[in-house]
Amino acid sequence: DGCKQRATASTKMNDNSSRSHALLIVQVNWTSTKGKHFATLNLVDLAGSEGMKKTGATGMSAKEGIKINLSLTKLALVVKCL
């Protein structure tokens, strides 16, 4: 269960701030009179980007926030290249 492994932390902005990203991939195969078909649905839940001043994050939560923001920046650069 991915929900059991989901990391959260309390901040000034959000009592259950997500500290992790999640990806759910649903693949469906079916056959119709026109042949075989295949579809994929990708659902992505990204950890939120929150400024440390607004959240009041310190210690490990602050370090996680920095890493989350860095990963979101890198993702934006990848999407921009597409």
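Being a predicted model, the structure only gives us computed values, none of them experimental.

Rules behind the numbers
- Residues numbered from 1 in each chain as written.
- Predicted model: local features only at pLDDT ≥ 70, side-chain atom pairs only at ≥ 80, totals over all residues.
- Heavy atoms only, no water.
- Helix = DSSP H or I, 4+ residues; strand = E, 2+ residues; numbered from the N terminus.
- Buried < 20%, exposed > 50% of the residue type's maximum accessible area, 1.4 Å probe, protein only.
- Contact = heavy atoms within 4.5 Å.
- Areas by Shrake-Rupley, 256 points an atom, 1.4 Å probe, with all protein chains shown as cover.
- Expected span 1.5 Å × (residues − 1).
- Patch = residues over 30% accessible without salt bridge, like charges linked within 9 Å, V, L, I, M, F, W, Y side chains within 5 Å.
- Salt bridge = Lys/Arg side-chain N within 4 Å of Asp/Glu carboxyl O.
- Pairing = 2+ DSSP bridges.

*Asks:* I tried to follow the overall build of the chain on my own but got confused; where do I start?
*Replies:* When you go through the chain residue by residue, the secondary structure sums to three helices and four strands. Along the chain, helices and strands appear, N-terminal first, in the series α-β-β-β-β-α-α. Relative to its full complement of 82 residues, the chain shows a buried share of 16%. In the chain, once contacts between residues fewer than 6 apart in sequence are set aside, the share between residues at least 24 apart is 39%. Total accessible area on the chain is roughly 6,700 Å²; 58% of this is exposed by carbon and sulfur atoms.

*Asks:* Teacher, can you tell me more about helix α3 (residues 59-81) here?
*Replies:* If you check α3, its first and last C-alpha atoms are 34 Å apart, about what 23 residues at 1.5 Å a residue would give, namely 33 Å. Of the residues making up α3, those classed as buried are Ala 62, Gly 65, Ile 68 and Leu 72.

*Asks:* Whenever I open this one, the environment of Ile 66 confuses me. Can you help?
*Replies:* By the secondary structure assignment, Ile 66 is in helix α3. Taking the relative accessible area as the measure of exposure, Ile 66 reaches 48% and is therefore partly exposed. Sequence-wise, Ile 66 and Met 52 are 14 residues apart; in three dimensions their C-alpha atoms are separated by 8.5 Å.

*Asks:* Even after reading the chapter, I still don't get a nonpolar patch on the surface, so can you show me in this structure?
*Replies:* Together, Leu 23, Ile 25, Val 44, Leu 46, Leu 75, Val 78, Val 79 and Leu 82 give the surface a local cluster of nonpolar side chains, amounting to about 790 Å² of exposed area. Residue placement: Leu 82 occurs in the segment after α3. Note on Leu 82: relative accessible area 85%, which makes it exposed.

*Asks:* Just checking my understanding: could you explain the pairing of strand β4 (residues 35-45) for this structure?
*Replies:* Successive side chains on a regular strand alternate, one facing one side of the sheet and the next facing the other. Examined bridge by bridge, strand β3 (residues 22-32) and β4 share 11 bridges and lie antiparallel to one another. Bridged to Leu 23 within β4 is Val 44. The loop that links β3 with its antiparallel partner β4 comprises two residues.

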